[in-house]
Amino acid sequence: MFKRILLPTDGSETSAKAIQSCISFAKETGATIIGLHVIPEFHTFTYQTEMLEDTRAEYERKCMAHVKKYLAEIEIAAKAADVQCETSYMISESPYEAIIKAAKDKRCELIAMASHGRKGMKGFLLGSETQKVLTNSQIPVLVFR
């Protein structure tokens, strides 16, 4: 069935719950987890005001700290469950495109990710990477709420 599952994380509480659920699923099916974190490209204009003061070097340092922290969460949970795991990160303006590309490049048969459940105007303005993956992926997507 599913032997390679791409598990993207953004470090949120919702993603943390999805990690646990996905690893349980992978253990039951004997699948390997491919953990992924997508870093946005550096810009002097940003939607996160705390990043306006960052230089490129400082931004990259902070992003790499997040990569290590978020992917370590997947690695630790997979090891505890005795599930094979590998991790990687990508830099992209479009997280959903990076997720789909990573799934293809890593030969994954399933993408498993969290849904933040944004609705209404908040969902419209912020968008939903999960929704974009669902809409554009030809690989099956398992969504954890």
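Model, not experiment: these values are computed from the prediction.

## What about the packing of aromatic side chains?
- Counted by the stated rule, this structure contains two aromatic pairs.
- Summarising the aromatic geometry, the rings of Phe-2 and Phe-25 are spaced 6.3 Å apart at their centres and angled 50 degrees between planes, so their arrangement reads as tilted. Linking Phe-2 in the segment before strand E1 (4-8) with Phe-25 in helix H1 (residues 13-29), this pair joins segments that are 23 residues apart in sequence.
- A residue is classified by how much of its surface remains accessible, and Phe-2, at 17% relative accessible area, is buried.

## Here we look at the sheet that holds strand E4 (residues 110-114)
- Read from one edge to the other, the open sheet built from five strands follows the order E3-E2-E1-E4-E5, with strand pairing classed as parallel. Lying at the two open borders of the sheet, with one neighbouring strand each, are strand E3 (85-91) and strand E5 (141-144). If you compare each strand with its neighbour and ignore which way they point, the axes differ by 25 degrees on average.
- Pairing between E1 and E4: two bridges, direction parallel.

## A look at the packing of helix H3 (residues 95-105) against helix H5 (residues 129-136)
- For the pair H3 and H5, interaxial distance at closest approach is 9 Å and the crossing angle is 50 degrees. The angle between H3 and H5 places the two elements in the oblique class. Taken as a pair, H3 and H5 cross one another with a handedness that is right-handed. Residues Pro-95, Tyr-96, Ile-99 and Ile-100 of H3 form the contact with H5, whose own contacting residues are Glu-129, Lys-132, Val-133 and Asn-136.
- Taken together, the residues of the contact of H3 with H5 break down into five nonpolar, one polar and two charged.

## Some remarks on the environment of Lys-132
- In this structure, Lys-132 sits in helix H5.
- Taking the C-alpha atoms as reference points, Lys-132 and Ile-100, separated by 32 residues in sequence, lie 9.8 Å from one another.

## A look at the pattern of salt bridges
- Across all of its chains, the model carries five salt bridges by this definition.
- Between Glu-129 and Lys-132 there is a salt bridge; the shortest N-O distance is 3.5 Å. One end of the pair is Glu-129 and the other is Lys-132, both in helix H5 and three residues apart, which spans about a single turn.
- A relative accessible area of 27% means that Glu-129 is categorised as partly exposed.

## With respect to the environment of Lys-101
- Relative to the helices and strands, Lys-101 resides in helix H3.
- Between the C-alpha atom of Lys-101 and that of Met-90, which follows or precedes it by eleven residues, the distance is 10.0 Å.
- At 2.6 Å, the side chain of Lys-101 and the side chain of Asp-105 are in polar contact.

## Regarding the packing of H1 against helix H2 (residues 56-80)
- One can describe the packing of H1 onto H2 by two numbers: an axis separation of 10 Å at closest approach and a directional angle of 30 degrees. Overall, the two elements H1 and H2 adopt an arrangement that is roughly parallel. The handedness of the crossing between H1 and H2 comes out as right-handed. On the side of H1, the interface is formed by Ala-16, Ile-19, Gln-20 and Ile-23, while H2 contributes Glu-73, Ile-74, Ala-77 and Ala-78.

The rules behind each value
Residues numbered from 1 in each chain as written. Predicted model: local features only at pLDDT ≥ 70, side-chain atom pairs only at ≥ 80, totals over all residues. Heavy atoms only, no water. Phe/Tyr/Trp six-rings, centres within 6.5 Å; stacked < 30°, edge-to-face > 60°. Helix = DSSP H or I, 4+ residues; strand = E, 2+ residues; numbered from the N terminus. Buried < 20%, exposed > 50% of the residue type's maximum accessible area, 1.4 Å probe, protein only. Pairing = 2+ DSSP bridges. Axes fitted to C-alpha atoms, helices over the stretch in contact; angles between N-to-C directions. Parallel < 35°, antiparallel > 145°, perpendicular 65-115°, else oblique. Left-handed = near helix turned anticlockwise from the far one by under 90°. Contact = heavy atoms within 4.5 Å. Nonpolar A, V, L, I, M, F, W, Y, C, P; charged D, E, K, R; others polar. Salt bridge = Lys/Arg side-chain N within 4 Å of Asp/Glu carboxyl O. Polar contact = N/O pair within 3.5 Å; in protein donor to acceptor, adjacent residues only side chain to side chain.

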